[in-house]
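If you want the building blocks of each chain, they are given just below.
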Amino acid sequence: MSSPVDVYDVDAFRRDGWLIVRGALETEHVEAVDAAVTRLEQSAIGGGPGLHHFEQTDAGAALARSEDFVYDDAVLGDLILGGIVVKILGALFGEPAVLFKEKVNYKQPGGGGFAPHQDATAYRFVDHHISCMVPIDPSTVASGCLYVAPGYEAGQLPTDNRGRITVEATAQLAWRPALVDPGDLLFFDSYTPHYSDTNTTGRSRRAAYLTYNAASVGDHRDSYYADKRAEFAAKGGDFEGDRVRISISDDFLGKPVPGKRQSVGSRE
Ligand SMILES: O=C(O)CCC(=O)C(=O)O
């Protein structure tokens, strides 16, 4: 008998620019990953290693994102560097995949959404990536799920001066919510348009985003994080003081924490 992970539809990914594989992770694995993300969050709040970003919510400062943690936790390391995620990515790329970057968006209650964008805008060093979203909590309309749209094959869409897809181009796209639960995996191309809304529920909507490139174009993870750290060191933790900076791109819609830089922790 075939399992869900044996029947993922590479053609659907090529057609749409995204693919949801339902029930790809066993229940015990889902629980182990959930516990590992809870450990990561506690470590981040305690100033542990990695690159961590905060936002202001009605409840005060809240952790918005952690990055650069793959070598700090065996459960997350196994999920990211081996197993079903890397296997499916090999099929989607048509060759082995190499990790480019890894992050967790915590989207705490009241946590900000993301304006319409394509990740390719922010991912330097390589032209093409595929990301795997690993939902840690149910991703619903109320909790701030991703909305995706076809059109990745057109490449870079018009952007405004913040790197967001223009209002005109956004209005032309056929958006649909990507509703996923723990155990599912959502793969999407770095040119797939996407956005998300604020989490209006009373619990976090955590999701890991694991981003890879084809092995034939090299391993750029160290360069990516050195570049991101250098840019944050040079420009600080916000955009012009009023927009919180958690990414190279200015697509995050959360609010800055008064008087606090958004990055803590280091691996220098
Ligand atoms: O986690 C979300 O709601 C959206 C994430 C996203 O678009 C991003 O991190 O670029």
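It should be noted that the structure appears before, not after, this text.
Predicted model, so just to flag it, every value in this text is computed and none were measured.

Cut-offs used in this document
- Residues numbered from 1 in each chain as written.
- Predicted model: local features only at pLDDT ≥ 70, side-chain atom pairs only at ≥ 80, totals over all residues.
- Heavy atoms only, no water.
- Axes fitted to C-alpha atoms, helices over the stretch in contact; angles between N-to-C directions.
- Helix = DSSP H or I, 4+ residues; strand = E, 2+ residues; numbered from the N terminus.
- Parallel < 35°, antiparallel > 145°, perpendicular 65-115°, else oblique.
- Left-handed = near helix turned anticlockwise from the far one by under 90°.
- Contact = heavy atoms within 4.5 Å.
- Nonpolar A, V, L, I, M, F, W, Y, C, P; charged D, E, K, R; others polar.
- Buried < 20%, exposed > 50% of the residue type's maximum accessible area, 1.4 Å probe, protein only.
- Pairing = 2+ DSSP bridges.
- Expected span 1.5 Å × (residues − 1).
- Arc of directions from axis to C-beta.
- Near = heavy atom within 4 Å.
- Polar contact = N/O pair within 3.5 Å; in protein donor to acceptor, adjacent residues only side chain to side chain.
- Areas by Shrake-Rupley, 256 points an atom, 1.4 Å probe, with all protein chains shown as cover.

Draft legend 1. Region of the structure containing the packing of helix α2 (residues 27–45) against helix α3 (residues 74–81). Remark: α2 packs on α3, axes separated minimally by 8 Å, with the N-to-C direction vectors making an angle of 120 degrees. When the axes of α2 and α3 are compared, the pair comes out oblique. Where α2 crosses over α3, the two elements pack in a sense that is left-handed. Contact with α2, carried on its side by His29, Ala32, Val33, Ala36, Val37, Arg39 and Leu40, involves Val75, Leu76 and Leu79 of α3 and no other residues of that element. In terms of residue class, the contact of α2 with α3 is built from eight nonpolar, one polar and one charged.

Draft legend 2. Fine view of the environment of Gln172. Structurally, Gln172 can be placed in helix α5 (residues 167–172). Overall, Gln172 belongs to the exposed group, its relative accessible area being 68%. Taking the C-alpha atoms as reference, Gln172 lies 9.8 Å from Ala149; in sequence the two are 23 residues apart.

Draft legend 3. Region of interest: the sheet that holds strand β7 (residues 146–148). Strand order in this open sheet of four strands is β5-β10-β7-β8, and the pairing throughout is antiparallel. Here the strands that pair on one side only, and so sit at the sheet edges, are β5 (114–117) and β8 (176–178). Sheet twist, expressed as the mean angle between neighbouring strand axes with direction ignored, is 30 degrees. With three bridges joining them, β7 and strand β10 (residues 194–196) adopt antiparallel strand pairing. If you follow Tyr147 over to β10, its bridge partner there is Tyr195.

Draft legend 4. Spotlight on the sheet that holds strand β6 (residues 130–135). Strand order in this open sheet of seven strands is β1-β9-β6-β11-β4-β3-β2, and the pairing throughout is antiparallel. Two strands close off the open sheet at either side, each with one partner strand: β1 (18–21) and β2 (51–57). Strand-to-strand twist across the sheet, computed as the mean angle between neighbouring axes with direction ignored, equals 20 degrees. Sheet contacts for helix α4 (residues 83–93): β1, β4 (97–105), β6, β9 (185–189) and β11 (207–214); angle to β11, the most-contacted strand, approximately 45 degrees.

Draft legend 5. Broad picture of unusual backbone geometry. Phi is positive for Asp68, which is not a glycine, with a value near 60 degrees. Despite not being glycine, Phe125 shows a phi value in the positive range, around 80 degrees. Position of Phe125 relative to the elements: it lies in the loop between β5 and β6. By relative accessible area, which is 42% here, Phe125 ends up partly exposed.

Draft legend 6. Up close: helix α6 (residues 221–235). With 15 residues, α6 should reach 21 Å at 1.5 Å per residue; the first-to-last C-alpha distance of 21 Å fits that figure. For α6, the complete set of buried residues consists of Arg221, Tyr224, Tyr225, Lys228, Arg229, Glu231 and Phe232. Buried residues along α6 cover an arc of 165 degrees about the axis, so they all sit on one side. For α6, the exposed residues lying more than 90 degrees away from the buried face are Asp222, Ala233 and Ala234. Buried-residue contacts for α6 involve β2, β3 (60–67) and β4.

Draft legend 7. Layout of the site of the ligand. Surrounding the ligand, one finds 13 residues, the nearest of these being Arg65, Lys103, Ser196, Arg205 and Tyr209. Lys103 places a polar side-chain atom, nitrogen or oxygen, 2.8 Å from an oxygen atom of the ligand. Ser196 is positioned with one of its side-chain polar atoms (N or O) 2.7 Å from an oxygen atom of the ligand. Protein burial of the ligand: of its 290 Å² of free accessible surface, 98% is covered by the chains. Counting residues per element, the ones that place at least two in the shell around the ligand are β4, β5 and β10.

Draft legend 8. Quick peek at the side chain of Asp16. Within the secondary structure layout, Asp16 lies in helix α1 (residues 10–16). The exposure class of Asp16 is buried, given its relative accessible area of 18%. Residues contacting Asp16, with those up to four places away along its chain left out, are Ala149, Pro150 and Tyr152.

Draft legend 9. Summary view of α2. The terminal C-alpha atoms of α2 lie 27 Å apart, and with 19 residues this matches the ideal 27 Å at 1.5 Å per residue to within 8%. Listed as buried for α2 are Val30, Val33, Ala36, Val37, Leu40, Glu41 and Ala44. Burial along α2 is one-sided: seen end-on, the buried residues are contained in an arc of 145 degrees. For α2, exposure combined with an orientation more than 90 degrees from the buried face picks out Thr27, Glu28, Glu31, Gln42 and Ile45. Where the residues of α2 are buried, they touch β2, β3, α3 and β4. At the exit of α2 stands Gly47, carrying a positive phi of roughly 80 degrees.

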